[in-house]
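Descriptive structure summary
Chain by chain, the residues run as shown.
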Amino acid sequence: MARLVEATDEAVADAARRLRSGQVVAFPTETVYGLGADTFNPSALETVYRLKGRPPDNPLIAHVDSTDQAQHVVGQWDDRCERLVARFWPGPLTLVLPKIDRVPAQATAGRETIGVRAPAHPVAMALLARFGGPISAPSANRSGHLSPTTAAHVAEAFADEPDLIVLDGGRCELGLESTVLDVTTPSGPARLLRPGSVSVEDLREVLGEIDCSTVGPSPPGYAPSTPAELVGADDLDERLRQGTDQFVVICFDPARVPSPHQTIAMPSSAQAYAARLYESLREADAAGAGRIIIEEPPRSDGLWATIRDRLRRATGCQ
Ligand code: TXA
Ligand code: MG
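Residues numbered from 1 in each chain as written. Chains lettered and ligands numbered in written order. Predicted model: local features only at pLDDT ≥ 70, side-chain atom pairs only at ≥ 80, totals over all residues. Heavy atoms only, no water.

Time to look at helix H4 (residues 79-88). All of the buried residues along H4 are Arg80, Cys81, Leu84, Val85 and Phe88. Seen from one end, H4 has its buried residues packed into an arc of 120°, which puts them on one side. (Buried < 20%, exposed > 50% of the residue type's maximum accessible area, 1.4 Å probe, protein only. Helix = DSSP H or I, 4+ residues; strand = E, 2+ residues; numbered from the N terminus. Arc of directions from axis to C-beta.)

Structure representation (structure tokens):
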């Protein structure tokens, strides 16, 4: 079993030493837990891909503690980047920019660009400060599985890796992966690659135009193992009357759901919903029902748009 350790100063210092010696460590961020390695150590990066079972063409995000450190890995930094980081860093915004030659190919899956973000979590920040360099980290799940929002999720995923330590920083506050924005295009608009907690409206306030036609198709990993279906609030009663299967229903008001179906109640605020979403999908998976029915949220602006994006990914509708 991967080893859970409380994120004391000592544990963070030990994790930094491990990173320096080429090992991989799992750590909390405000979005989801990450599986980190030294951005400049190709064999440590290869270990990340091997542990995750990650396709070799899927690039990693480099976590940095400052704009200064970001500029040690990227080869372009314009006024748009300045304005974005002034508003959103540290926080859940990843900027994709051209990389410098010194960044090894393993950090970017062979691409000439690199994603960078400064996480807003005290443990991630302390680890970056102790380590003193960028840490490349994908979400700390096995490829094809949901992102972890607690240290226990990470330990379960890496049950057969006794050498992996997981810094336990509690439950991730935001619970959904960062917004990924491609700012490589100096003249055209920045391009949204993955929605996140920084909403398109937030980005437009800073940059004006954002190209949203570039949101990538969902790689495996955003869906539970049980088939899941998104149903509009108005159609829910009807859908639950159909068929004889037992469902597990992720909804706002469990009182609406007749037996024998099981229910998982969701909060009505977007922030609280986002923070609960992956955990609720894990619970739904564990419930052993034949199908997960998810009630569609009523709104689709701001953070709800990102939640809808993840619900579409979870249910295979893109
Ligand atoms: O919130 C997060 O972003 C979390 C925490 C740990 O920081 N990390 C995370 O990493 O979600 P991962 O590897 O699961 O997802 C990173 C996403 C992928 O969709 C990847 O394709 C995209 O960012 N990405 C990273 N570098 C890129 C690049 N150079 N060009 C285009 N997309 C990139
Ligand atoms: Mg991931």
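So much for the structure itself; the text now carries on.
This part is about the nonpolar core. The biggest cluster of nonpolar side chains holds 48 residues, and the ones touching the most others in it are Leu84, Trp89, Leu95 and Leu181. Counting residues per element, this core draws most heavily on helix H2 (residues 42-52), at five residues. Setting aside chain neighbours within four positions, we find Leu181 in contact with Leu84, Leu93, Thr94, Leu95, Val96, Ala190, Arg191, Leu192, Leu203, Leu207 and Ile210. Leu146, Leu176, Val248 and Leu277 belong to the second largest nonpolar core, which has 23 residues in total. (Core = buried A, V, L, I, M, F, W, Y, C linked by side-chain atoms within 4.5 Å. Contact = heavy atoms within 4.5 Å.)

In this approach, a probe sized like a water molecule rolls over the atoms, and the result shows the empty space that is left. Roughly 990 Å³ of volume is contained in the largest pocket. Lining of the largest pocket is provided by 44 residues; of these, Arg54, Asn58, Pro59, Arg194 and Tyr222 occupy positions nearest its centre. Looking at the lining of the largest pocket, the elements that each hand over two or more residues are strand E4 (61-63), strand E5 (93-98), strand E6 (113-117), strand E9 (179-182) and strand E10 (190-194). For the lining of the largest pocket, the residue count by class is 16 nonpolar, 18 polar and 10 charged. There is about 300 Å³ of room inside the second largest pocket. What lines the second largest pocket is a set of 23 residues, and nearest its centre among them are Pro195, Val215, Ala305, Asp309 and Arg312. Within the residue set of the lining of the second largest pocket, elements represented by two or more residues are helix H7 (200-207) and helix H10 (303-314). Counting residues per element, the lining of the second largest pocket draws most heavily on H10, at six residues. Tallied by class, the residues present in the lining of the second largest pocket amount to eight nonpolar, nine polar and six charged. (1 Å grid on protein atoms, 1.4 Å probe; cavity = no way out; pocket = protein on both sides within 12 Å on 5 of 7 lines; lining within 4 Å. Points joined across faces, edges and corners; volume = space filled by probe spheres on them. Nonpolar A, V, L, I, M, F, W, Y, C, P; charged D, E, K, R; others polar.)

Inspection of the secondary structure assignment puts Asp309 in helix H10. In this structure the C-alpha to C-alpha distance between Asp309 and Val183, which are 126 residues apart in sequence, comes to 21 Å. Once you skip the residues sitting within four places of it in the chain, Asp309 turns out to touch Pro195 and Val215. Here the side chain of Asp309 touches Arg313 through a polar contact of 2.8 Å, side chain to side chain. (Polar contact = N/O pair within 3.5 Å; in protein donor to acceptor, adjacent residues only side chain to side chain.)

Here the amide bond leading from Trp89 into Pro90 is cis, since omega sits at -10°, within 30 degrees of zero. Relative to the elements of secondary structure, Pro90 occurs in the loop between H4 and E5. In this structure, the amide linkage connecting Ser259 to the following residue, Pro260, adopts the cis form with an omega of 10°. By the element assignment, Pro260 lies in the loop between strand E13 (247-251) and strand E14 (262-265).

Another point: the sheet that holds E5. Strand order in this open sheet of 11 strands is E1-E8-E2-E3-E7-E4-E6-E5-E9-E10-E11, and the pairing throughout is mixed. Of all strands in the sheet, those with a lone pairing partner are strand E1 (3-6) and strand E11 (210-211), marking the two edges. In terms of strand pairing, E4 meets E6 through three bridges, oriented parallel. When the sheet's bridge partners are listed, Ile61 is paired in E6 with Gly115. On top of the sheet, H2 reaches strand E3 (34-38) and strand E7 (135-136); it is set at about 155° to E3, its chief contact. (Pairing = 2+ DSSP bridges. Axes fitted to C-alpha atoms, helices over the stretch in contact; angles between N-to-C directions.)

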